[in-house]
Amino acid sequence: MPEQFRNSILLCLISAFSPLQIFWCVSPAVGEESGTIILTEEDISAAMAHSMADVLNTIPGVSAGKTSVSIHGSSKVKVFIDGRPLNDPTSSHGGIKWDLARPDQVAKIEVLLGRGGVRYGRDASGGVILISSKSTEKLSIDGKTWLGSDNTFYANGSLQQTNEKLSTGVSGSYESTDGYTVNKDKTTWSGEAAFEYRFHEKARISLSGNHMESDRGSSGRVDYPTPFLRLQSIMSTLTVQGNLNNVETKFSYNRAKRQSLDPSRSLDKTLRVEDFDQEISSFLETPKWGIFQYGASCSLNRASGSSFDKQSENSFSAHVMNNLTMDNLPLTTVFGLRANIHSAFDNNLNPEIKFIYGSDGLRTTLAYSRNNNSPSFYQRYNETSSTRPNPDLDMEIADNFRLSFSSEITSEIRASVNLFYNLLTDRITYVVADDGIGQYENLGEVHYSGSDFSVDWKVLDAMKIKARYTYLQAVDEESGNLLPAKPEHKGRIDISYTVTENLSVKCILRTASKAYRNRENTNYVSGYEVLDFKVEYGFERYSLFGEINNITDETYCYADGLLAPPRTWFVGLSMSLQK
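Keep in mind the model is a prediction, meaning the values are calculated, not measured.

Participant: Hey, could you run me through the overall build of the protein in this one?
Facilitator: Of the regular secondary structure elements, the protein holds five helices and 34 strands. Each principal axis of the C-alpha atoms in the protein carries an extent, and together these give about 60 × 60 × 45 Å. Of all 579 residues assigned to the protein, the portion counted as buried reaches 49%. Look at the contacts in the protein between residues 6 or more apart in sequence, and 59% of them connect residues 24 or more apart. Approximately 26700 Å² of the protein is accessible, and the part contributed by carbon and sulfur atoms is 56%. Side chains of the protein give 58 positive and 70 negative charges; the mean places of these two sets differ by 3 Å.

Printed below as a string of structure tokens:
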């Protein structure tokens, strides 16, 4: 690695802890970029969701689980809450620590479908999700707890105080469950703290951090069970941000540990990863050429494990974007370019181009972007009872094309159509051998193509219907077969009804078609239709709620072959107090 590159990284890391950090911080976005899906606090509340996965699954093309999220079939999605990363660096595919984000504490969610790599870097071929927490000008105390089937218990609480210049907050959560099948129990706890000081309107510094620990069993797939496999994980994140005028910076430190234990297979493997990231950026608004956003970032990534020697990798990136709105046409153009230098992989240039045309209530967006996804340390070096390491994995290249239409047909009906084509070169795929043990491989070229449809219909003042459907073809170009664990059809219908001012109910129908289990398309898991029910009763500053999932007690598997839950239920209480 060139000496100049090493010095650049060192300078950025030193600047993160320098007193000058108060003059470099991520400033607020310059307006809301057209084409981004935005869920407001009202949308999140209307979802009656008690997990971030439930909220995100209301968005067409987005599929979220307890520790994962994918957009249009790609699980390479970057997720941030208040600028702090939620991606688990020890996971196999960009897993997400959703326990560190709670819907009742979220003010806004922005979802960038298939783009965002120019601004937020590699590993974002699926897109980027930006979560913003609520803020208050008073002292606020919030809490929630519930009990459910399989001896499930959950509780969280938060305390936030804000005055003219200083904001502080602490929160924590705990969850335990016996699980719905053998070796599916889990215990998780987390804690977060945040501090922000505003020197004046255009200068501030903030410090936030969190810590999370989890101990759970992994039951494995139905045909290859792992009744003794235990997974223990720890993740801590520290983020420093601040701003002065139009200049912004952010430093993040993420440390994670994952341990896999299976005495029946003499397995005891540990993976540790540390990520250091420093970003500096700014923007320039011109009267003729629109808004220019530009910046640079560097990262240092280190890993160690019980089955491999210590690894260390570095990268440096610079980006520029231009957002221009025409004076005589309802047309906005976005052009961006990001240059990446890697110590472990080939260097690359990633462009992003977008055109947004809006007229008479109809908005059309045409977009193209390129992004690189790097294989994780887990995929290359870690070994478990179901996975062999592959240190020769290379980066995959994603070229994403998107054409979208959205319209407010009437005051009661809104609809959108999203067509996409994503070409991935050297795609990283988990391939299972005949003995049930898999390995991550580069499979040459594959493509994801399909469409999303969504309709929001206000049938009555008290009744709303939301319908979502995604058609996805994930094809291996070499064989012409469909990729494993990618159902062609997924749909969802939400029917909400406000019975009284305080009482609301919701019915949700979730459906998916069959998904193949192997590359030869000879083995598959069947499709399913599942019905859920939610109810909530609010009074003063309290709320009682309940939920039944899989009402008909269907037996089915997720697309990856893992057994899905049978009928489950929980009831709980939430409160929000302010002074």
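Participant: Hey, could you run me through the pairing of strand E8 (residues 140–148) in this one?
Facilitator: Note on strand geometry: in a regular strand, side chains alternate between the two faces of the sheet. Here E8 runs beside strand E9 (residues 152–162); their pairing, made up of nine bridges, is antiparallel. Of the residues in E9, the one forming a bridge with tryptophan 146 is tyrosine 154. Counting the residues in the hairpin turn of E8 and E9 gives three residues, including aspartate 150, whose phi is positive at 60°. Judged from the nine bridges that link them, E8 and strand E34 (residues 568–578) form a sheet pairing that is antiparallel. Within E34, the position partnered with isoleucine 141 by the bridge is leucine 577.

Participant: Can you help me understand the environment of aspartate 268 in this one?
Facilitator: Within the element layout of this structure, aspartate 268 appears in strand E15 (residues 267–286). The exposure class of aspartate 268 is partly exposed, given its relative accessible area of 46%. Linking aspartate 268 and serine 307, residues 39 residues apart in sequence, is a C-alpha distance of 9.5 Å. Look past the residues within four positions of aspartate 268 in its chain and what remains in contact with it is Gln259, Ser260, Leu261 and Ser306. Reaching out from aspartate 268, the side chain makes a polar contact with the side chain of glutamine 259 at a distance of 3.1 Å.

Participant: Just checking my understanding: could you explain the packing of aromatic side chains for this structure?
Facilitator: To describe a pair of aromatic rings, one takes the distance between the centres and the angle between the planes. On inspection of all chains with the given rule, the structure shows 19 aromatic pairs. Taking the centre distance of 4.2 Å and the plane angle of 20° together, the rings of tryptophan 146 and tyrosine 154 count as stacked. Relative to phenylalanine 545, the ring of tryptophan 146 has its centre 6.3 Å away and its plane inclined at 80°; by these criteria the two rings are edge-to-face. With tryptophan 146 in strand E8 and phenylalanine 545 in strand E33 (residues 542–549), the pair connects residues that are 399 residues apart, well separated along the chain.

Participant: What is the right way to read the pairing of strand E20 (residues 362–373) from this model?
Facilitator: Examined bridge by bridge, strand E19 (residues 348–359) and E20 share eight bridges and lie antiparallel to one another. For isoleucine 353, the partnering residue across the bridge sits in E20 and is tyrosine 368. What sits between the antiparallel neighbours E19 and E20 is a turn of two residues, in which aspartate 360 has the positive phi angle 50°. Of the strand pairs in this sheet, E20 and strand E22 (residues 396–408) are connected by twelve bridges, and their pairing is antiparallel. Bridge assignment links serine 369 to a residue of E22, and that residue is asparagine 400.

What counts as what
- Residues numbered from 1 in each chain as written.
- Predicted model: local features only at pLDDT ≥ 70, side-chain atom pairs only at ≥ 80, totals over all residues.
- Heavy atoms only, no water.
- Helix = DSSP H or I, 4+ residues; strand = E, 2+ residues; numbered from the N terminus.
- Buried < 20%, exposed > 50% of the residue type's maximum accessible area, 1.4 Å probe, protein only.
- Contact = heavy atoms within 4.5 Å.
- Areas by Shrake-Rupley, 256 points an atom, 1.4 Å probe, with all protein chains shown as cover.
- Lys, Arg positive; Asp, Glu negative; His and termini not counted.
- Charge placed at Lys NZ, Arg CZ, Asp CG, Glu CD.
- Pairing = 2+ DSSP bridges.
- Polar contact = N/O pair within 3.5 Å; in protein donor to acceptor, adjacent residues only side chain to side chain.
- Phe/Tyr/Trp six-rings, centres within 6.5 Å; stacked < 30°, edge-to-face > 60°.

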